[in-house]
Every structure is written in C-alpha cells, then in structure tokens.
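Now for the letters of each chain:
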Amino acid sequence: MQVTITEVASRDGLQNESHPVSTAQKIELIDRIARSGMTRFEVTSFVSPRAVPALADAEEVVKGLPNRAGLIVEALVPNLRGAERAAALGLDEWVCFASASESHSQANSNTSTQEALNRLKPVIDLARQEGVVPVGAIATSFGCPFEGDVPVTRVVEVARRMTDMGVETIKLGDTIGTAWPSRVRELVRAMRSALPDTTLVLHFHNTRDMSLANVLTGIAEGVDRYESALGGVGGCPFAPGATGNVSTEDLVHFLHLEGHDTGLDLGALIEAGHWFETVLDRKLPAHLLRASPVGTTTALAEMKRAAG
C-alpha cells in the first residue's frame, strides 16, 4: 500500500513544549524533514498567542519556509480570527477542529462542541473563498482526559456535522493515546458506513505504546493516511497527561518492514531526529534514535551502541 504521512512536529510537537524553539529552528526542522521526501506538513497553528505561546510566530514560520514547491502546507485554523491571519499566507489546507467530548471542548476552546462547530462554518466559507482546502479534525476521538471513553456515535455525529459544511477529509485524533486496535477498527468502520465518501486520516499518540498496533489496524481497514511527529514529540496543553505522537522515524521503519511504500528516506529522518534532540536538549522518545533499523547492524554492534 502507498501510505501518506503528514508531519506535525512543528505544530502538535511544539505546542506543549517548554524548551524554547526559535522561529529559525522551526523552519530548519521543516526543511530537514522535507529532505527525506516528506511533502505534507501541518506547520503551525493560528490559535491565540496567549493560549499557545509556543506557536505565537505562526506567520513568521510560514513566510520563512525556504522552498514551498512540491509541499502541501497545512495549519490549524480554529476560528475566524485565526482564518483571517492565515488568509494572506497562501496555505494549501486549513485544519478546522472540534472536540468530540464536551469537557475537552471547554478546556481547549472555552466553548461547547456545538459552539465550536458553529464557529467553523465561516472559516470553511472563507477557505473556499481563498482557494484553500478545508480539512476537519476531531480531537478526543478515542478518549477524553476528563470524561474517559468517547462513544463512537458521538465522533461520527461530529464528523457528519463537518461534512455537512463541505469538509471532505476528517482527521481522527487520539489526543491522549487511549486508542486500541479494536476501537480503531470499530470507529473506522462506523465512519465508512456513515460517511463513505470521506477521506480518513488517523492521528495517534503513543502514551500507552499502542500507536503502531493501531496503525496496523488502520492499514488492515484500508486507511492510507497517518500523522506523526519527528522524535515522537507532542502533547496537548489542554489535555492533562497527553504525551507525544507516534514518531515519524518509528512509523516509517514499521511501514517499510511491513512492505508499504511511504516515499520517505528513513536515514534522513533519523538524522533529522538526532539534530532535533540537540535543539530540544534532551533524548526524544523515538526508538529509532536509540536503535538502528532492523537488518542494518549485528546484535553486537547494537549492544555497543546502546552502551555508548
């Protein structure tokens, strides 16, 4: 299967990051990942700088991208004010989000889910006016930090509201890493049954180390689009306990071993991941930053690397 990955390290990966990352470093992060062949990036978010200070430089990051040719550049656009900021930047896609759970919606957007959806209509209308593709994203699709389990029917209903507004692609977000394979299967099948013409994108966090098992389930269900973050960074500032995304290095390594094509250079991603560790000044969760890809070293060499 040809699998398409969207890199979210510079948005989801940094939105909850306490270590300061400069605008120049964010731009270099995107550029280094692009050298692997990555073409899809969710680069930043046009949320209030007061709410997410780490992404206050959204305009500067987009304007500073050195080579947009061949890239599909997305940004999170939560409301009309954010859309107006984004409109002059020539983005390819605006990601319009709502939470499936009421409690997370209040924490994340200070609104109910219904109000959050109502806010998306003028954003989607402006996107069309600007020639931008609107994309839906549903946070807490698999679980809420405040309410626990989120019913599949609830997620499908939020998705239906988005598609009624003209959205053709829906991202299902595992905000706190509570997805497990059988629930992934259940939700994907429910979405396909209710909204058969909608393109699905799965966005897993690795809080409980189940993200690759969930990807395998998604693949078995025919889902060919996923999101990940270099190094496994990430987390939601409005979801207590949320940890990093499935790492891009580990995801690509896994998909290649399973015979799927990503069009990406794993070595270039690992090299970018090691550079990213120097930027954040810590070891990152990606396993491929500690261990060599399967089949490339002997066990003895691997032991020496681990010891070193």
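Before going into details, it helps to say that this report is about the structure given with it. (Residues numbered from 1 in each chain as written. Predicted model: local features only at pLDDT ≥ 70, side-chain atom pairs only at ≥ 80, totals over all residues. Heavy atoms only, no water.)

### With respect to the packing of aromatic side chains
Centre distance and the angle of the planes are the two values used to describe a pair of aromatic rings. Heads up, the rule is: Two rings from Phe, Tyr or Trp (for Trp, the six-membered ring) form a pair when their centres sit within 6.5 Å of each other. Planes less than 30 degrees apart are called stacked, planes more than 60 degrees apart edge-to-face, and all others tilted. Per-residue accessibility, obtained with a 1.4 Å probe over protein chains only, is compared with the maximum for each type, and a residue is labelled buried under 20%, exposed over 50%, and partly exposed between these values.
Tallied over the full model, the rule gives 2 aromatic pairs. Judged by centre distance (6.4 Å) and plane angle (15 degrees), the rings of Trp275 and Phe276 are stacked. Trp275 gets classed as buried once you look at its relative accessible area, which sits at 15%. Classification of Phe276 by relative accessible area gives buried; the value is 1%.

### Some points on the pairing of strand β3 (residues 72-76)
Here is the rule: Here a strand is any run of E in DSSP of at least two residues, a helix any run of H or I of at least four, and the numbering for each starts at the N terminus. Each pair of strands is called paired provided DSSP finds at least two bridges between the two strands. Classification remark: right-handed applies to a crossover when, strands pointing away from the viewer, the course from the first strand over the helix to the second runs clockwise.
The element β3 is extensively covered by neighbouring structure, given that 4 of its 5 residues are classed as buried. Sheet analysis places strand β2 (residues 40-45) next to β3, joined by 5 bridges and oriented parallel. The partner of Arg40 across the bridge, within β3, is Ile72. As defined by bridge partners, β3 adjoins strand β4 (residues 93-99) across 3 bridges and the pair is classed as parallel. Considered in β4, the bridge of Ala75 is made with Trp94. Following the backbone out of β3, through helix α3 (residues 80-86) and into the adjacent parallel β4, one traces a crossover that is right-handed.

### What to know about unusual backbone geometry
Notably, Thr140 is not glycine yet its phi reads approximately 55 degrees, a positive angle. For Thr140, the position within the fold is in the loop between β5 (133-139) and α6 (152-164). Judged by relative accessible area, Thr140 falls into the buried class, the value being 0%. One non-glycine residue, Asp281, adopts positive backbone phi at about 60 degrees. Mapping Asp281 onto the fold places it in the loop between α10 (266-280) and α11 (299-307).

### So, the packing of α6 against helix α7 (residues 181-194)
So the rule is basically this: An axis is simply a line fitted to the C-alpha atoms; with a helix, the fit covers only the stretch in contact. Between two such axes, the angle follows the N-to-C directions and lies from 0 to 180 degrees. Orientation labels follow simple angle bins: below 35 degrees gives roughly parallel, above 145 gives roughly antiparallel, 65 to 115 gives roughly perpendicular, and whatever is left gives oblique. Should the near helix be turned anticlockwise from the far one by less than a right angle, the crossing is left-handed, and should it be turned clockwise, the crossing is right-handed. Any two residues having at least one pair of non-hydrogen atoms within 4.5 Å are treated as being in contact.
One can describe the packing of α6 onto α7 by two numbers: an axis separation of 10 Å at closest approach and a directional angle of 40 degrees. Overall, the two elements α6 and α7 adopt an arrangement that is oblique. For α6 against α7, the interelement crossing comes out right-handed. The segment α6 lies against α7, with Val152, Val155, Val156, Ala159 and Arg160 engaging Arg183, Glu186, Leu187, Ala190, Met191 and Ala194.

### Some remarks on the sheet that holds strand β7 (residues 199-203)
Strand pairing in a sheet is mediated by backbone hydrogen bonds. Such pairs are either parallel or antiparallel. The strand order β1-β2-β3-β4-β5-β6-β7-β8 describes a closed barrel built from 8 strands, whose pairing is parallel. Taking each pair of neighbouring strands and ignoring which way they run, the sheet shows an average axis angle of 25 degrees. As paired elements, β7 and strand β8 (residues 225-228) share 2 bridges and run parallel to each other. When the sheet's bridge partners are listed, Leu202 is paired in β8 with Tyr226. Across the face of the sheet, helix α4 (residues 102-109) comes into contact with β4 and β5 while running at roughly 125 degrees to β4.

### Some thoughts on the pairing of β5
Counting buried residues along β5, 6 of its 7 residues qualify, which places the element largely inside the surrounding structure. Pairing between β4 and β5: 7 bridges, direction parallel. When the bridges of β5 are listed, Ser99 appears paired with Ala139. The handedness of the β5 to strand β6 (residues 169-173) crossover, carried by α6, is right-handed.

### Examining the nonpolar core
In globular proteins that are soluble, nonpolar side chains generally tend to be buried together. What counts, and what does not: Each nonpolar core is a collection of buried residues, namely Ala, Val, Leu, Ile, Met, Phe, Trp, Tyr and Cys, held together in the definition by side-chain atoms within 4.5 Å.
Trp94 and Phe276 are the most contacted members of the largest nonpolar core, which has 89 residues in total. Residues in contact with Phe276, not counting those within four places in the same chain, are Ala9, Leu14, Leu29, Leu230, Val233 and Leu284.

### Some words on the side chain of Ser101
Among the structural elements, Ser101 can be located in the loop between β4 and α4. Excluding its chain neighbours within four sequence positions, the residues that come into contact with Ser101 are Thr113, Thr140, Cys144, Glu147 and Val150.

### Observations concerning the environment of Asp209
Within the element layout of this structure, Asp209 appears in the loop between β7 and α8 (211-220). A relative accessible area of 56% means that Asp209 is categorised as exposed. Taking the C-alpha atoms as reference points, Asp209 and Lys63, 146 residues apart in sequence, are found 36 Å from one another.

### Section: helix α9 (residues 248-257)
For α9, a buried count of 8 out of 10 residues is recorded, marking the element as mostly surrounded by other parts of the structure. Those residues of α9 that are buried are in contact with β1 (4-7), α8, β8 and α10.

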